[in-house]
Amino acid sequence: MTITSPFKGLKLAVLSAVAGLGLTAAALAQAPASQLEAIQSRAALQVCTTGDYKPFTLAKDGSFEGIDIELAKSLAKAIGVEVRFVQTKWANLMDDFTSGKCDIAMGGISVTLDRQKRAFFSAPYLINGKAPIARCADVSKFQTVADIDKPETRVIVNPGGTNERFVRANFKQAKIEIFPDNVTIWDQILAGKADIMVAESIETKVQEKIRPGLCAINPDAPLQYGEMGYLLPRGDVVFKAFVDQWLHLAKATGEFAGIYDRFVR
Amino acid sequence: MKITATIARAFSGAALCTVLGVAFAGGARAQAPASQLDAIQSAGVLRICTTGDYKPFTIAVGEGYEGVDVEMARSLAKALGVEPRFVRTKWADLMPDFLAGKCDIAMGGIGVTLERQKRAFYSAPALATGKVPLVRCADKDKLQTVADIDKPGVTAIANPGGTNERFARSNFKQAKITLHGDNVTIFDEILAGRADVFVTEALEATVQEKLKPGLCAVNTDKPLTFIEIGYLLPRGDGVFKAFVDQWLHIAKSTGEYKRYYDQYLR
């Protein structure tokens, strides 16, 4: 008796431990904690955005505008909460996001595998990539990288970003000129001081519209493939499922195209 | 009895701590689940189980490996910023080796099956394929479907013991079935007119079409059977799967995957 009793007690203790474990695990498996609930509890969607990337996110007079700003408002509405923008810089984006300053990051963010190590991405909402822009008379002669990469071609590029990286990696014969002003760089081509610039395809579409005489070259079949998505908390499949579903519906209903056209066409 | 109660209480206490500890760990995991993605980066190495015996996906050459999925494994390791380390396995040992934790991912022409899905995750499919007829080019139009082939007077050849023989046996009732044990000379049997058709994997048929003028692979884009090739991942690890799927999606979108495919198939 004195021997069996303690074992009975032990068994009970172990059993309750096992039962407890089973229950905890089952409850977690069914309902993992998700940012989707946290957002609804605080009644606000916090959106990290840089505010410096036309036509996606542009800070203006204390507020923001752009394609992804409109879409952030649409997402907040779909969740039934207010939208709250948190301004960040490209260099701080991942640190701000992973330290929990926002629930989602939006605004022309390229899908990269380095970012994918620390976060999830929504389904891509835009296929993007590098496209050339030139004087409209030159469109037919600058169709491919090989067309452009000739000794007589003058390529102009803004320093320090992915545009310069693309130009350095792909053009060995063409003359490369660095021009630091992002606003007036396009006029250099119109003025005949340079022949061509390679930029994000969507940016070339915008510039084509505001600067008659410049033509984007095959912006829908870019020289280098890229896509954009929204940054989401790593491992939170519940929130990702919601965002992907919302994005799918925004595309299927034409809401996305309506917003896109307002800023790009 | 007094001792008993004390021991029992002590154990209950311990058990409670365990339950709380687990619950707490569980809560933390929901926000930041432990993933093989982090373990691989900490180790600085991506371990890849591969059989090294399945052209054009994984071929052991001396001490090293080549093939479409071997190139893809190197690409994945590079995306992770780590070294690839190949771990040799056999088809029969694939699941036990993978489940024992000998590797982080298994790659090399692995067909997607629901049997394996019970014990592992798969990446998004890398490739859809299936069995197609390989025939003399003159017969290309008349031997397109199972019904076309399954007629008296048609001789179907198959290598014994694998899924090719199984397919022939279960689909051809009228046609004559010949078995040929040599995987290298089996194709010449068709060229020599001793057989009319060999139903085999579309990729293999494509390779042989190149190697043996006079032979044509029929409808390689519409195989008679359906099989997907995917990469085997740890079950339940959504974070690692998201990374691998994103990498694969980009490799396909940029044309990187097609480059490896063409390198080994064209």
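So, how was this worked out
- Residues numbered from 1 in each chain as written.
- Chains lettered and ligands numbered in written order.
- Predicted model: local features only at pLDDT ≥ 70, side-chain atom pairs only at ≥ 80, totals over all residues.
- Heavy atoms only, no water.
- Helix = DSSP H or I, 4+ residues; strand = E, 2+ residues; numbered from the N terminus.
- Buried < 20%, exposed > 50% of the residue type's maximum accessible area, 1.4 Å probe, protein only.
- Areas by Shrake-Rupley, 256 points an atom, 1.4 Å probe, with all protein chains shown as cover.
- 1 Å grid on protein atoms, 1.4 Å probe; cavity = no way out; pocket = protein on both sides within 12 Å on 5 of 7 lines; lining within 4 Å.
- Points joined across faces, edges and corners; volume = space filled by probe spheres on them.
- Nonpolar A, V, L, I, M, F, W, Y, C, P; charged D, E, K, R; others polar.
- Domains from an automatic or database assignment.
- Pairing = 2+ DSSP bridges.
- Core = buried A, V, L, I, M, F, W, Y, C linked by side-chain atoms within 4.5 Å.
- Contact = heavy atoms within 4.5 Å.
- Salt bridge = Lys/Arg side-chain N within 4 Å of Asp/Glu carboxyl O.
- Disulfide = S-S within 2.5 Å.
- Axes fitted to C-alpha atoms, helices over the stretch in contact; angles between N-to-C directions.
- Left-handed = near helix turned anticlockwise from the far one by under 90°.
- Buried area = accessible area lost by both parts, 1.4 Å probe.
- Polar contact = N/O pair within 3.5 Å; in protein donor to acceptor, adjacent residues only side chain to side chain.

1. A word on the overall build of chain B
Then, in step 1: In terms of helices and strands, chain B carries 11 helices and 15 strands.
Then, in step 2: Expressed as a percentage of its 266 residues, the buried residues of chain B come to 46%.
Then, in step 3: If you sum the accessible surface of chain B, you get close to 13,200 Å²; carbon and sulfur atoms cover 56% of it.

2. What about the overall build of chain A?
Then, in step 1: The helix and strand tally for chain A stands at 11 helices and 14 strands.
Then, in step 2: Counting every atom, chain A has about 12,700 Å² of accessible surface; 57% of that belongs to carbon and sulfur.

3. Details of the layout of surface pockets
All names here are of chain B.
Then, in step 1: As a volume, the second largest pocket reaches approximately 1,300 Å³.
Then, in step 2: Those elements giving two or more residues to the lining of the second largest pocket turn out to be β2 (53-54), α7 (163-171), α8 (186-191), β12 (197-201), α9 (202-211), β14 (227-229) and α11 (256-265).
Then, in step 3: In terms of residue class, the lining of the second largest pocket is built from 19 nonpolar, 12 polar and 10 charged.
Then, in step 4: The residues that make up the lining of the second largest pocket include at least three from each of domain 1 (36-128 + 227-265) and domain 2 (131-217).

4. Overview of the sheet that holds strand β4 (residues 63-65) of chain A
The strands that make up a sheet pair up through hydrogen bonds in the backbone, lying either parallel or antiparallel.
All names here are of chain A.
Then, in step 1: With respect to topology, three strands assemble into an open sheet ordered β2-β3-β4, the strand pairing being antiparallel. Unpaired on one side and paired on the other, β2 (52-53) and β4 mark the two borders of the sheet.
Then, in step 2: As paired strands, β2 and strand β3 (residues 57-60) are joined by two bridges and run antiparallel to one another. Of the residues in β3, the one forming a bridge with Asp52 is Leu58.

5. A word on the nonpolar core
Then, in step 1: Grouped together as the largest cluster of nonpolar side chains are 80 residues, with contacts concentrated most on Leu45(A), Ile104(A), Leu46(B), Met72(B), Ile105(B), Tyr231(B) and Trp247(B).
Then, in step 2: Take this core: its biggest share by element is nine residues, from helix α10 (residues 238-253) of chain B.
Then, in step 3: The residues touching Trp247(B), leaving out its near neighbours within four places in the chain, are Leu113(A), Met72(B), Ser75(B), Leu76(B), Ala79(B), Met107(B) and Tyr231(B).

6. Focus: unusual backbone geometry
Then, in step 1: Residue Lys54(A) is joined to Pro55(A) through a cis peptide bond whose omega torsion reads 0°.
Then, in step 2: Mapped onto the elements of the fold, Pro55(A) is located in the loop between β2 and β3.
Then, in step 3: Lys55(B) connects to Pro56(B) through a cis peptide bond whose omega is 0°.
Then, in step 4: Mapped onto the fold, Pro56(B) is located in the loop between β2 and β3 (58-61).

7. Focus on the pattern of salt bridges
Close approach of charged atoms lets side chains of opposite charge pair.
Residue and element names in this part refer to chain B.
Then, in step 1: For the structure on display, the rule yields 30 salt bridges over all chains.
Then, in step 2: Of the charged contacts, one joins Glu115 and Lys118 as a salt bridge, the two residues approaching to 2.9 Å between their closest N and O atoms. Each member of the pair, Glu115 as well as Lys118, carries the same accessibility label: exposed.

8. Here's the deal with the sheet that holds strand β4 (residues 64-66) of chain B
Residues and elements named next belong to chain B.
Then, in step 1: Read across the open sheet, the three strands follow the order β2-β3-β4; overall the sheet is antiparallel. Strands with a single pairing partner mark the edges of an open sheet, and in this sheet they are β2 and β4.
Then, in step 2: The sheet contact formed by β2 and β3 spans two bridges and is antiparallel. Directly across from Tyr54, in β3, lies its bridge partner Thr58.

9. Some points on the state of the cysteines
Then, in step 1: Inspection of every chain in the model, using the stated rule, returns four disulfides over all chains.
Then, in step 2: Between the sulfur atoms of Cys48(A) and its disulfide mate Cys102(A) the distance is 2.1 Å. Measuring handedness by torsion sign, the sulfur bridge of Cys48(A) and Cys102(A) sits at about -100° and is left-handed. Pair noted here: Cys48(A) is in strand β1 (residues 44-49) and Cys102(A) is in the loop between α4 (93-98) and β6 (104-105), with a separation of 54 residues, a long-range link.
Then, in step 3: Classification of Cys102(A) as buried rests on a relative accessible area of 5%.
Then, in step 4: The residue that forms a disulfide with Cys137(B) is Cys216(B), at a sulfur-sulfur distance of 2.1 Å. When the S-S torsion is 90°, as for the bridge of Cys137(B) with Cys216(B), the disulfide is right-handed. Highlighted residues: Cys137(B) in the loop between β9 (131-136) and α6 (146-149) and Cys216(B) in strand β13 (residues 215-217), separated in sequence by 79 residues.
Then, in step 5: By relative accessible area, which is 32% here, Cys137(B) ends up partly exposed.
Then, in step 6: Should the bonded cysteines of chain A be numbered as they appear in the sequence, the pairing reads 1-2, 3-4.

10. Notes on the packing of helix α3 (residues 68-80) of chain B against α10(B)
Residues and elements named next belong to chain B.
Then, in step 1: Taken N-terminus to C-terminus, the directions of α3 and α10 make an angle of 115°; their axes are 11 Å apart at the nearest point. Here α3 and α10 pass one another in a crossing that is right-handed. Side by side, α3 and α10 meet where Met72, Ser75, Leu76, Ala79 and Leu80 of the first sit next to Phe243, Val244, Trp247, Leu248 and Ala251 of the second.
Then, in step 2: A class-by-class count of the residues in the contact of α3 with α10 yields nine nonpolar, one polar and no charged.

11. Structural notes on the domain arrangement of chain B
Residues and elements named next belong to chain B.
Then, in step 1: Taken domain by domain, chain B consists of domain 1 (36-128 + 227-265) and domain 2 (131-217).
Then, in step 2: Measuring from the centre of the C-alpha atoms in domain 1 to the corresponding centre in domain 2 gives 30 Å.
Then, in step 3: Each partner contributes to the roughly 440 Å² buried at the junction of domain 1 and domain 2, and carbon and sulfur atoms together form 73% of this total.
Then, in step 4: The interface formed by domain 1 and domain 2 includes zero salt bridges.
Then, in step 5: Remark: the boundary between domain 1 and domain 2 carries zero residue pairs in polar contact (both at pLDDT 80 or more).
Then, in step 6: Class assignment of the residues belonging to the side of domain 1 that touches domain 2 gives a composition of seven nonpolar, no polar and no charged.

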